[in-house]
Amino acid sequence: MIKPILDRVLIKMEETEETTKSGIILSANSKEKPQIAEVVEVGPGGEVDGKEIKMFLKKGDKVIASKYAGTEVKYEGTEYIILKQSDILAIVE
């Protein structure tokens, strides 16, 4: 299990559609990178660079993250991204 530290969040990107609404099958190269992810784990927060950081995200939240933020990791065959809470742009309700 991956457990983020400080103000880090572990997310898993949602899979993209393989076909368009009209039924056209997309190749892997033509698919857009997904923007909505699910929060898998959340760090405890605490003091980061002399500032107290409170974590407001929780496991299971659907979020939109900055497109090129974070570090991609592969663990037990699944791809995740570890990023700072501040790189999360919005919560999807």
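Structure: see above.
Residues numbered from 1 in each chain as written. Predicted model: local features only at pLDDT ≥ 70, side-chain atom pairs only at ≥ 80, totals over all residues. Heavy atoms only, no water.

### Notes on the pairing of strand β1 (residues 8-13)
We apply this condition: For two strands to be treated as a pair, DSSP must find no fewer than two bridges joining them. Each helix is a run of H or I in the DSSP string that is no shorter than four residues. Each strand is a run of E no shorter than two, and both are numbered from the N terminus.
Here β1 runs beside strand β7 (residues 78-84); their pairing, made up of four bridges, is antiparallel. Bridging from a neighbouring strand, Arg8 pairs with Lys84 of β7. With five bridges joining them, β1 and strand β2 (residues 36-42) adopt antiparallel strand pairing. Across the sheet, the residue bridging to Leu10 is Glu41, located in β2.

### Some points on the sheet that holds β7
Quick note on the threshold: Axis geometry follows a simple rule: fit a line to the C-alpha atoms, using only the stretch in contact for helices, then measure angles between N-to-C directions, giving values from 0 to 180 degrees.
Strand order in the open sheet made by the six strands is β6-β7-β1-β2-β5-β8, with antiparallel pairing throughout. Two strands lie at the open edges of the sheet, namely β6 (71-75) and β8 (88-92), each paired on one side alone. Taking the axes of each pair of neighbouring strands and ignoring which way they run, one obtains an average angle of 40° across the sheet.

### Topic: the environment of Ile91
Formally: In this description, contact between two residues means that some pair of their heavy atoms is separated by no more than 4.5 Å.
In this structure, Ile91 sits in strand β8. Spatially, the C-alpha atoms of Ile91 and Ile64 are 6.4 Å apart, while their sequence positions differ by 27 residues. Not counting the four nearest positions on each side in its chain, Ile91 is found in contact with Leu57, Asp61, Lys62 and Val63.

### As for unusual backbone geometry
With glycine set apart, most residues show a phi of negative sign, and most peptide bonds adopt trans. Note the threshold: For each residue, the accessible area found with a 1.4 Å probe, counting protein chains only, is set against the maximum for its type, and the residue is called buried under 20%, exposed over 50%, and partly exposed in between.
Here the phi dihedral of Asp49 falls at roughly 55°; this positive angle occurs in a residue that is not glycine. Locating Asp49 in the fold gives a position in the loop between β3 (46-48) and β4 (51-53). You will see that Glu76, though not glycine, has its phi angle at about 50°, which is positive. Note that Glu76 resides in the loop between β6 and β7. Among the residues examined, Glu76 registers a relative accessible area of 70% and is labelled exposed.

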